[in-house]
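Inside the fold
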Amino acid sequence: MDNKELRECFDKIRKNNKDAFTLLYNEYKIPVYTVIYRIVNSKEVAEDITQEVFVKLFVSPPDSFIKKPRAWIFTVARNSAIDYLRKNKDTFIEEAILTTPSVENEVINRLNIEDALQELSITEREIITLHLNAGLTFKEIATITKLSLPATFRRYKKGLQILKEKLSGGVL
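Residues numbered from 1 in each chain as written. Predicted model: local features only at pLDDT ≥ 70, side-chain atom pairs only at ≥ 80, totals over all residues. Heavy atoms only, no water.

1. Some thoughts on the overall build of the protein chain
- Across its full length, the protein chain holds ten helices and zero strands.
- Start at the N end of the protein chain and walk to the C end: the helices and strands fall as α-α-α-α-α-α-α-α-α-α.
- Nonlocal contacts in the protein chain, meaning residues at least 24 apart in sequence, comprise 66% of its contacts between residues at least 6 apart.
- Element-wise, carbon and sulfur atoms account for 55% of the exposed surface of the protein chain, whose accessible area totals about 10300 Å². (Helix = DSSP H or I, 4+ residues; strand = E, 2+ residues; numbered from the N terminus. Contact = heavy atoms within 4.5 Å. Areas by Shrake-Rupley, 256 points an atom, 1.4 Å probe, with all protein chains shown as cover.)

Printed below as a string of structure tokens:
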């Protein structure tokens, strides 16, 4: 669904067209969930936030003057995930300490992409996910993350390099 089709879809949603919302949900639920999951690193929390994002999109879809509604959707998803982390900072720190894998499990899980992604900063995970999973351009990502275009691209490249090293067992 391109930006024009999205604007039309949001126009229909504003008129309480449930079919348009279902279409939007089916098209974007997985990429939105993925972006959120990569930020919060919890399936249950990501599912909850994903639902909240779509409730927001149904209750108050963006106005038709939004130039890039696709980027707007992912901005809402990203901001919702970051807001959750800010509100639950202490809980996440405790969970991270309690669920730190043993050295043996860490070695076994090195080949798992999700484990490798956790080696990245939140910003690097966001940029990689927004580009690879959500299909956003670096310019759109720079706008969402409030980074310069060169900084966005550098962090993307740095994140990919870290992933490459982690997934190859540190041997390149």
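2. Thoughts on helix α8 (residues 122-132)
- Taken together, the buried positions of α8 are Glu124, Arg125, Glu126, Ile127, Ile128, Thr129 and Leu130.
- Buried residues along α8 sit against α2 (18-40), α4 (69-87), α7 (113-117), α9 (138-145) and α10 (149-167). (Buried < 20%, exposed > 50% of the residue type's maximum accessible area, 1.4 Å probe, protein only.)

3. Let's talk about the side chain of Arg78
- Mapped onto the fold, Arg78 is located in helix α4.
- The contacts of Arg78, once residues within four sequence positions are left out, are Ile39, Glu126, Ile144 and Thr145.

4. Here we look at α9
- In terms of burial, α9 is a largely internal element, six of the eight residues being buried.
- Of the residues making up α9, those classed as buried are Phe138, Glu140, Ile141, Ala142, Ile144 and Thr145.
- Buried positions along α9 lie against α4, α8 and α10.
- Note on α9: the residue one or two positions beyond its end, Lys146, has a positive phi of about 60 degrees.

5. Thoughts on the packing of aromatic side chains
- Tallied over the entire structure, the rule returns nine aromatic pairs.
- Look at Tyr33 and Tyr37: their rings are 6.0 Å apart centre to centre, the planes differ by 15 degrees, and that puts the pair in the stacked class. With a gap of four residues between them, Tyr33 and Tyr37 both fall in helix α2, about one helical turn apart.
- Looking at Tyr33, the relative accessible area reads 23%, which means it is partly exposed. (Phe/Tyr/Trp six-rings, centres within 6.5 Å; stacked < 30°, edge-to-face > 60°.)

None of the figures reported here should be taken as evidence of function without further support.
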